Amino acid sequence: MAVHESVVDAIGGTPLFRLARLGAGIAAPVYAKAEFLNIGGSVKDRAALSMIEAAERDGLLRPGGTIVEATSGNTGIGLAIVGRGRGYRVIAGVSDRSAREKSDILRAYGAEVVTAPTALPVEHPDHLFNVVRRLTEEIPGAWLANQYDNPANPEAHLRTTGPEIWEQTGGRVTHFVAGVGTGGTISGTGAFLKQVSGGAVTVVGADPEASVYGGGDGSPYFVESIGHFVHPGTAEDRWPESYRREVVDRFERIPDRESLLTARRLAREEGLLAGPSSGTAVAAALRLARGLGPEDLVVVLLPDSGRSYLSKVFSDDWLRRWGFLEEPQDDGPTVRAA
Ligand code: PMP
């Protein structure tokens, strides 16, 4: 059993779990990388540590400094754990679309939370990205982590997530599946796996059906933290620099309903309580694996825990309200005439 001198040592090194029940009847084995077992509860701990270390190295973050970031919550948690531990002030700008539990966790770790809308054109001064940028300019010694364009984000996965998967599968991995938010996870992990396998690993993006990454129209969707949408009336057509399009061979486009119901099955059937973006990723991995053989090996990444979404994905009322759950059948005793 591990003994750590610092919580930072409990970032990375996450286990793989075979999805035996969800993958029943599918020839290709599917393994899930459980990123919710990182100390801060998500894959973003890796990027947060990597970005802070790079900023310290580059002199952008100095003692007494302030870390600022626009974050769906998970990056903020990673930044809070690592940043507060090193004596920095941490300010997280959270989208008003984000689950409430995420902000509560940020505050618990000692981060300050600023909430701002993201359903505005990105040029709008009140848009989350502009609020966060202003704070960084106004606070002396403030540094904007900028996970969307920070090369230390994909690098974290090039250095850690990719090598872990290669080692854990003994080099047998043939397909890697992950959602795309900033693109850091899929780009870094995918680039490493392609490099080490001489191009033999196929990288598949798991995308909400409406997201523009996979070719959707950018209309709203429910799954948080992944995908990309273009707001009407804006010219926001720039991809994040953390996202390397050439690493992704293709996308599986998953409707909200399939993502959410798959997340619920993961908890009930596999004992893995993961968030909605994990549902999207596993749904994509299962679709993919159905077309593969026993010599293939699929690894799918589960970014965070379902505990942050108990009032949404794991609430029957919430699902029913949005039409994702059919009313329970009347399955009382059926009497059949002989
Ligand atoms: N799922 C969840 C729950 C996340 O918080 C994130 C990061 N925003 C992602 C998926 C996507 O990861 P990445 O930013 O590395 O593409």
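In the nomenclature of an unreviewed UniProt entry, the chain corresponds to Cystathionine beta-synthase from the organism Kitasatospora indigofera. The Cofactor (unreviewed entry) comment attached to the chain in UniProt states, word for word, "pyridoxal 5'-phosphate". Of the comments in the UniProt record for the chain, the one headed Sequence similarities (unreviewed entry) reads "Belongs to the cysteine synthase/cystathionine beta-synthase family."

We now examine helix α7 (residues 256–270). The α-helix advances 3.6 residues per turn, and as a result positions three or four apart in sequence lie on the same side. Here α7 is 15 residues long and its end C-alpha atoms lie 20 Å apart, about the 21 Å a rise of 1.5 Å per residue gives. Buried residues of α7: Asp256, Glu258, Ser259, Leu260, Thr262, Ala263 and Leu266, and no others. Buried residues belonging to α7 abut β8 (202–208), β9 (250–254), α8 (276–289) and α9 (316–321). One or two steps after α7, the chain reaches Gly271, where phi turns positive at roughly 70 degrees.

All right, on to the site of the ligand then. Around the ligand, the structure places 17 residues, and the nearest of them are Gly181, Thr182, Thr185, Ser277 and Pro303. Residue composition of the shell around the ligand, grouped by class: three nonpolar, 12 polar and two charged.

Pairing within the open sheet is parallel, and its four strands lie in the order β5-β4-β3-β6. Strand pairing shows two members of the sheet lacking a second neighbour, β5 (112–116) and β6 (142–144), which therefore form its edges. Pairwise comparison of adjacent strand axes, ignoring direction, gives a mean angle of 20 degrees for this sheet. Here strand β3 (residues 66–70) runs beside β6; their pairing, made up of three bridges, is parallel. Across the sheet, the residue bridging to Ile67 is Trp143, located in β6.

With mixed pairing, the six strands of this open sheet are ordered in space as β1-β2-β10-β7-β8-β9. Each of the sheet's edge strands pairs with one partner strand only, and the pair in question is β1 (16–18) and β9. For this sheet the average axis-to-axis angle between neighbouring strands, irrespective of direction, equals 25 degrees. Pairing of β1 with strand β2 (residues 30–34), which is carried by three bridges, proceeds in the antiparallel orientation. Across the sheet, the residue bridging to Leu16 is Lys33, located in β2. On the sheet, helix α6 (residues 184–196) packs against β7 (175–179), β8 and β10 (298–302) and is oriented at approximately 170 degrees with respect to β7.

Here we come to the nonpolar core. Val177, Ala281, Ala285, Val298 and Val300 are the most contacted members of the largest nonpolar core, which totals 55 residues. Elements with a contribution of two residues or more to this core: β2, α5 (152–168), β7, α6, β8, α7, α8 and β10. With eight residues, the single largest contributor to this core is α8. Excluding anything up to four places from it in sequence, Ala281 contacts Val177, Ala178, Gly179, Ala206, Val300, Leu301 and Leu302. One finds Ala48, Val68, Ala70 and Leu144 within the second-largest nonpolar core, a separate group that totals 32 residues.

On to the packing of α7 against α8. Relative to each other, α7 and α8 sit at 95 degrees, their axes nearing to 7 Å. Taken together, the axis directions place α7 and α8 in an arrangement best described as roughly perpendicular. Here α7 contributes Glu258, Ser259, Leu260, Thr262, Ala263 and Leu266 to the contact with α8, which in turn contributes Pro276, Ser278, Gly279, Thr280, Val282 and Ala283. Here the residues of the contact of α7 with α8 sort into six nonpolar, five polar and one charged.

It is worth spelling out the confidence of the model for the chain at this point. Looking at the chain as a whole, the pLDDT averages 93, with 94% of positions reaching at least 70. Taken as a whole, residues 329–334 scores under 50 in pLDDT and shows zero contacts with residues more than four places along the chain or in a different chain. Taken over the whole predicted complex, pTM reads 0.93, whereas the ipTM for its chain interfaces reads 0.99.

Here we take up the pairing of strand β4 (residues 89–95). A large share of β4 lies buried, amounting to six of its seven residues. As judged from the five bridges shared by β3 and β4, these two strands associate in the parallel manner. Within the sheet, the bridge partner assigned to Thr66 lies in β4 and is Arg89. You can see the chain leave β3, run along helix α2 (residues 74–85) and come back into β4, and the turn it takes is right-handed. For β4 and β5, the ladder comprises five bridges, and the chain directions are parallel. The residue bridging Ala92 from the neighbouring strand is Val113, located in β5.

About the cut-offs
Residues numbered from 1 in each chain as written. Predicted model: local features only at pLDDT ≥ 70, side-chain atom pairs only at ≥ 80, totals over all residues. UniProt positions renumbered as here; feature names shortened; annotations may be inferred. Helix = DSSP H or I, 4+ residues; strand = E, 2+ residues; numbered from the N terminus. Expected span 1.5 Å × (residues − 1). Buried ≥ 20, exposed ≤ 12 C-beta atoms within 10 Å, placed from the backbone. Contact = placed C-beta atoms within 7 Å. Near = placed C-beta within 6 Å. Nonpolar A, V, L, I, M, F, W, Y, C, P; charged D, E, K, R; others polar. Pairing = 2+ DSSP bridges. Axes fitted to C-alpha atoms, helices over the stretch in contact; angles between N-to-C directions. Core = buried A, V, L, I, M, F, W, Y, C linked by C-beta atoms within 7 Å. Parallel < 35°, antiparallel > 145°, perpendicular 65-115°, else oblique. pLDDT = per-residue confidence, 0-100. Right-handed = clockwise from strand over helix to strand, strands pointing away.

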